[in-house]
Amino acid sequence: MKVLEKGPGWSLKQRCTGKGNGDGGCESLLQVEEGDIYVTSRSYYDGDTDYYYTFRCPVCGKETDIPEKDLPSSIKREAMENKRKILTRGGSYGYID
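Engineer: Looking at this model, I keep getting lost on the sheet that holds strand E3 (residues 38–43). Mind explaining?
Structural biologist: Working definition: the strands of a sheet are paired by backbone hydrogen bonds and lie parallel or antiparallel to each other. The three strands are arranged E3-E4-E5 in an open sheet whose pairing can be described as antiparallel. Of all the strands in the sheet, just E3 and strand E5 (63–66) have a single pairing partner and so form its edges. Adjacent strand axes in the sheet meet at a mean angle of 50°, parallel and antiparallel pairs treated alike. Where E3 lies against strand E4 (residues 49–56), six bridges are found, and the strand directions are antiparallel. By the bridge assignment for E4, Arg-42 is matched with Asp-50.

Engineer: Just to check I follow, could you spell out the pattern of salt bridges for this structure?
Structural biologist: Pairs can form between side chains of opposite charge once their charged atoms are near each other. Summed over all chains, the structure comprises three salt bridges. For the salt bridge of Glu-68 with Lys-76, the shortest nitrogen-to-oxygen distance reads 3.7 Å. Residue Glu-68 is classed as partly exposed on the basis of its relative accessible area, which comes to 45%. Looking at Lys-76, the relative accessible area reads 18%, which means it is buried.

Engineer: Just checking my understanding: could you explain the nonpolar core for this structure?
Structural biologist: Looking at soluble globular proteins, one finds that nonpolar side chains tend to be buried together. Counting residues in hydrophobic clusters, the biggest one holds 14 residues, and the most contacted among them are Leu-30, Val-32, Ile-37, Tyr-53, Ile-66 and Leu-71. Mapped onto this core, the elements with two or more residues apiece are strand E2 (29–33), E4 and helix H1 (73–89). No other element matches H1, which puts three residues into this core. Setting aside residues no more than four positions away along its own chain, Leu-30 makes contact with Leu-12, Lys-13, Gln-14, Cys-16, Phe-55, Cys-57 and Pro-58.

Engineer: When you look at the pairing of E2 in this model, what are you seeing that I'm missing?
Structural biologist: Looking down a regular strand, the side chains alternate between one sheet face and the other. Of the two faces of E2, the one lined by Leu-30 and Val-32 is fully buried and the one lined by Leu-29, Gln-31 and Glu-33 carries no buried residue. Of the strand pairs in this sheet, strand E1 (residues 11–15) and E2 are connected by five bridges, and their pairing is antiparallel. The residue of E2 that forms the bridge with Ser-11 is Glu-33.

Engineer: Teacher, can you tell me more about the side chain of Gln-14 here?
Structural biologist: Examined against the element boundaries, Gln-14 turns out to sit in strand E1. Here Gln-14 falls in the buried class, since its relative accessible area comes to 13%. Those residues within four positions of Gln-14 in sequence are excluded, and the remaining contacts are Ser-28, Leu-29, Leu-30, Val-32, Phe-55, Ile-66 and Pro-67.

Parameters at a glance
Residues numbered from 1 in each chain as written. Predicted model: local features only at pLDDT ≥ 70, side-chain atom pairs only at ≥ 80, totals over all residues. Heavy atoms only, no water. Pairing = 2+ DSSP bridges. Helix = DSSP H or I, 4+ residues; strand = E, 2+ residues; numbered from the N terminus. Axes fitted to C-alpha atoms, helices over the stretch in contact; angles between N-to-C directions. Salt bridge = Lys/Arg side-chain N within 4 Å of Asp/Glu carboxyl O. Buried < 20%, exposed > 50% of the residue type's maximum accessible area, 1.4 Å probe, protein only. Core = buried A, V, L, I, M, F, W, Y, C linked by side-chain atoms within 4.5 Å. Contact = heavy atoms within 4.5 Å.

Note that all results are geometric; they support no functional claim without further evidence.
Set out below in C-alpha coordinates:
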(Lines give C-alpha, C1' and ligand atoms only; values in the text may rest on other atoms or scores of the structure.)
Protein backbone atom coordinates (compact mmCIF):
# COMPACT_ATOMS: atom_id res chain seq x y z
CA MET A 1 0.00 0.00 0.00
CA LYS A 2 1.23 3.48 -0.78
CA VAL A 3 0.50 6.54 1.37
CA LEU A 4 -0.65 9.37 -0.86
CA GLU A 5 -1.20 11.93 1.86
CA LYS A 6 -0.59 11.45 5.55
CA GLY A 7 -3.53 12.35 7.76
CA PRO A 8 -3.40 14.89 10.56
CA GLY A 9 -3.35 12.22 13.27
CA TRP A 10 -5.91 11.31 15.90
CA SER A 11 -8.55 13.78 17.03
CA LEU A 12 -12.04 13.78 18.47
CA LYS A 13 -14.82 16.38 18.37
CA GLN A 14 -16.01 17.23 21.88
CA ARG A 15 -18.19 19.90 23.44
CA CYS A 16 -16.99 21.87 26.42
CA THR A 17 -19.52 20.73 29.02
CA GLY A 18 -17.53 20.67 32.24
CA LYS A 19 -18.68 17.05 32.68
CA GLY A 20 -16.95 15.48 35.64
CA ASN A 21 -15.74 18.87 36.82
CA GLY A 22 -18.83 20.61 38.13
CA ASP A 23 -20.45 21.13 34.71
CA GLY A 24 -20.86 24.72 33.49
CA GLY A 25 -18.84 24.49 30.26
CA CYS A 26 -19.39 27.01 27.46
CA GLU A 27 -20.67 24.38 24.96
CA SER A 28 -17.99 25.24 22.38
CA LEU A 29 -17.43 22.44 19.86
CA LEU A 30 -13.73 21.60 19.91
CA GLN A 31 -11.41 19.39 17.89
CA VAL A 32 -9.49 17.71 20.73
CA GLU A 33 -6.14 16.23 19.72
CA GLU A 34 -3.83 13.72 21.37
CA GLY A 35 -1.67 16.35 23.10
CA ASP A 36 -4.71 18.10 24.58
CA ILE A 37 -5.64 15.16 26.81
CA TYR A 38 -4.22 14.68 30.28
CA VAL A 39 -5.08 12.52 33.27
CA THR A 40 -6.81 13.86 36.35
CA SER A 41 -7.68 11.83 39.41
CA ARG A 42 -9.87 11.77 42.47
CA SER A 43 -8.81 9.93 45.63
CA TYR A 44 -11.19 8.67 48.26
CA TYR A 45 -10.87 8.15 52.01
CA ASP A 46 -10.77 4.37 51.57
CA GLY A 47 -7.59 4.67 49.47
CA ASP A 48 -9.21 4.12 46.07
CA THR A 49 -8.36 6.46 43.20
CA ASP A 50 -10.33 7.04 40.01
CA TYR A 51 -8.59 8.37 36.89
CA TYR A 52 -10.17 10.53 34.20
CA TYR A 53 -9.08 11.65 30.72
CA THR A 54 -9.56 15.39 30.60
CA PHE A 55 -9.06 18.43 28.36
CA ARG A 56 -9.20 22.14 29.13
CA CYS A 57 -11.35 24.39 26.91
CA PRO A 58 -9.31 27.16 25.27
CA VAL A 59 -12.40 29.41 25.23
CA CYS A 60 -13.54 29.34 28.87
CA GLY A 61 -10.81 27.36 30.65
CA LYS A 62 -13.23 24.74 32.02
CA GLU A 63 -12.10 21.11 32.20
CA THR A 64 -14.24 18.37 30.64
CA ASP A 65 -13.74 14.61 31.06
CA ILE A 66 -13.86 12.39 27.98
CA PRO A 67 -15.49 8.96 28.35
CA GLU A 68 -12.74 6.34 28.44
CA LYS A 69 -14.56 4.25 25.82
CA ASP A 70 -14.12 7.09 23.29
CA LEU A 71 -10.31 6.99 23.46
CA PRO A 72 -7.91 4.57 21.78
CA SER A 73 -5.63 2.71 24.17
CA SER A 74 -2.55 4.51 22.77
CA ILE A 75 -4.01 7.91 23.75
CA LYS A 76 -4.85 6.66 27.24
CA ARG A 77 -1.32 5.27 27.69
CA GLU A 78 0.29 8.53 26.60
CA ALA A 79 -1.93 10.62 28.90
CA MET A 80 -1.06 8.37 31.87
CA GLU A 81 2.66 8.40 31.01
CA ASN A 82 2.63 12.20 30.87
CA LYS A 83 1.13 12.27 34.37
CA ARG A 84 3.83 9.89 35.64
CA LYS A 85 6.59 12.08 34.16
CA ILE A 86 5.20 15.18 35.82
CA LEU A 87 4.82 13.45 39.19
CA THR A 88 8.33 11.96 38.96
CA ARG A 89 9.77 15.44 38.40
CA GLY A 90 7.75 16.71 41.35
CA GLY A 91 6.14 19.34 39.16
CA SER A 92 2.73 20.22 37.91
CA TYR A 93 1.29 22.01 34.94
CA GLY A 94 -1.50 23.34 37.11
CA TYR A 95 -4.10 20.98 35.73
CA ILE A 96 -3.06 17.63 37.13
CA ASP A 97 -3.91 16.93 40.73
